[in-house]
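Listed here are the chains, written in short residue letters.
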Amino acid sequence: MENHNTSPFNALPPVVVALAAVIFGLELMFQAATAGLLGGQRGVGWRLAAFQDYAVLDQVWSWMVGNGIYPAEHLLRFVTYPLIHGSFVHAALVVVFILALGKMVAEVYSPIAFIAVFWISAVMGALGYVIILDAEYPLVGGYPGVYGLIGAFTFLMLLRAEAEGQGRLRAFTLIGALLAFQLIFGLINGQFGNLVADISGFVAGLLMSFVVSPGGWRRALARLRQR
């Protein structure tokens, strides 16, 4: 008999649920602080303070490069910024993508490889952001890491296309649709900074998959052919 009381999260790899829970939990904390339920009067400014301390800022990067000094507290920004978001909707969308893509990627990749793809892609996205651009706004949010997961998903779709003898361009349908949407959004708002970070994250996730996927291209292809 089918158990209708089974939680939908049981089907998700624990590492995916944990990452989504951390991001969403932090956002709920900021929401509670803004509503005055946490931190008192100071709680209202918690999100802004987090931006100042943990977001990736081009001014900070320029200062480090100009002085040849790379303090640990500023390098840490490249690791912490994916956990901080600008709004509830921003965080919620990132969590939705992590849960959707994470299920497909983490079922093939090891938990360590999954986390590595997300965070290294986020780091590379941030480096692309500060090196290529002279951005005025801070970089926050998990989208560059999510695009790294899209890169990993694209890698798996390339393997499937190879195994089934299909055209490889179909594997890039998802990233193509998302980038088209972002280009339109960027034209409307005149802001392409996040697009640079996201594309950098995607490229990093795709390239990393050739190394961190189970056995690389050859072994993963053999595994898909057996299904």
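Before any of the text, the structure's been laid out above.
Below or above, wherever it landed, is the structure these notes cover. (Residues numbered from 1 in each chain as written. Predicted model: local features only at pLDDT ≥ 70, side-chain atom pairs only at ≥ 80, totals over all residues. Heavy atoms only, no water.)

## Remarks on the overall build of the chain
Thought 1: Across its full length, the chain holds eleven helices and zero strands.
Thought 2: Put simply, the chain runs from its N terminus to its C terminus through helices and strands in the order α-α-α-α-α-α-α-α-α-α-α.
Thought 3: Across the 227 residues of the chain, 44% fall into the buried class.
Thought 4: Long-range pairs, those at least 24 residues apart, make up 76% of the contacts in the chain with a sequence separation of at least 6.
Thought 5: Accessible surface, the chain: about 12200 Å² in total, of which carbon and sulfur atoms supply 66%. (Helix = DSSP H or I, 4+ residues; strand = E, 2+ residues; numbered from the N terminus. Buried < 20%, exposed > 50% of the residue type's maximum accessible area, 1.4 Å probe, protein only. Contact = heavy atoms within 4.5 Å. Areas by Shrake-Rupley, 256 points an atom, 1.4 Å probe, with all protein chains shown as cover.)

## Concerning the packing of helix α1 (residues 14-34) against helix α7 (residues 111-132)
Thought 1: At their nearest, the axes of α1 and α7 sit 10 Å apart, and the two run at 40 degrees to each other. Regarding the angle of α1 to α7, the classification is oblique. Every residue of α7 that contacts α1 at Val-15, Val-16, Leu-19 and Ile-23 is listed here: Pro-111, Phe-114, Ile-115, Phe-118 and Trp-119.
Thought 2: Residue composition of the contact of α1 with α7, by class: nine nonpolar, no polar and no charged. (Axes fitted to C-alpha atoms, helices over the stretch in contact; angles between N-to-C directions. Parallel < 35°, antiparallel > 145°, perpendicular 65-115°, else oblique. Nonpolar A, V, L, I, M, F, W, Y, C, P; charged D, E, K, R; others polar.)

## Some words on the packing of aromatic side chains
Thought 1: Applying the stated rule across the entire model yields six aromatic pairs.
Thought 2: Taken together, a centroid distance of 4.9 Å and an interplanar angle of 75 degrees make the contact between Phe-155 and Phe-210 edge-to-face. Placement of Phe-155 in helix α8 (residues 143-164) and of Phe-210 in helix α10 (residues 193-212) is noted, with a sequence separation of 55 residues between them.
Thought 3: Phe-155 sits in the buried class, given a relative accessible area of 0%.
Thought 4: Aromatic ring contacts, followed pair by pair, group Trp-61, Tyr-70 and Phe-78 into a single cluster. (Phe/Tyr/Trp six-rings, centres within 6.5 Å; stacked < 30°, edge-to-face > 60°.)

## Observations concerning the nonpolar core
Thought 1: Counting 34 residues, the largest nonpolar core has Ile-23, Ile-98, Tyr-109, Phe-114, Phe-118 and Ile-150 as its most contacted members.
Thought 2: At the level of elements, α1, α6 (88-106), α7, α8, α9 (173-189) and α10 are the ones that each hand at least two residues to this core.
Thought 3: Here the element with the most residues in this core is α8; it accounts for ten residues.
Thought 4: When near neighbours in sequence (up to four residues on either side) are disregarded, Tyr-109 contacts Phe-114, Val-117, Ala-152, Phe-155, Leu-156, Ser-209, Val-212, Ser-213 and Pro-214.
Thought 5: Of all hydrophobic cores here, the second largest spans 14 residues; its members include Leu-57, Trp-61, Met-64 and Ala-122. (Core = buried A, V, L, I, M, F, W, Y, C linked by side-chain atoms within 4.5 Å.)

## What about the environment of Val-196?
Thought 1: The topology assignment puts Val-196 in helix α10.
Thought 2: Once the C-alpha coordinates of Val-196 and Leu-127 are considered, the two residues, 69 residues apart in sequence, prove to be 9.8 Å apart.
Thought 3: For Val-196, the residues in contact, after removing those within four places along its chain, are Gly-128, Tyr-129, Ile-132 and Leu-133.

## Here's the deal with the side chain of Thr-80
Thought 1: Along the polypeptide, Thr-80 turns up in helix α5 (residues 77-80).
Thought 2: Side-chain polar atoms of Thr-80 contact the backbone oxygen of Tyr-54, separated by 3.0 Å. (Polar contact = N/O pair within 3.5 Å; in protein donor to acceptor, adjacent residues only side chain to side chain.)

## Digging into a nonpolar patch on the surface
Thought 1: On the surface, Ile-199, Val-203, Leu-207, Phe-210 and Val-211 cluster together into a nonpolar patch covering about 450 Å² of accessible area.
Thought 2: Along the chain, Val-211 falls in helix α10.
Thought 3: Judged by relative accessible area, Val-211 falls into the exposed class, the value being 68%. (Patch = residues over 30% accessible without salt bridge, like charges linked within 9 Å, V, L, I, M, F, W, Y side chains within 5 Å. Salt bridge = Lys/Arg side-chain N within 4 Å of Asp/Glu carboxyl O.)

## Some remarks on α6
Thought 1: When the terminal C-alpha atoms of α6 are compared, their 25 Å separation across 19 residues agrees well with the 27 Å that a helix rising 1.5 Å per residue should span.
Thought 2: All of the buried residues along α6 are His-90, Ala-91, Val-94, Val-95, Ile-98, Leu-101, Gly-102, Val-105 and Ala-106. (Expected span 1.5 Å × (residues − 1).)

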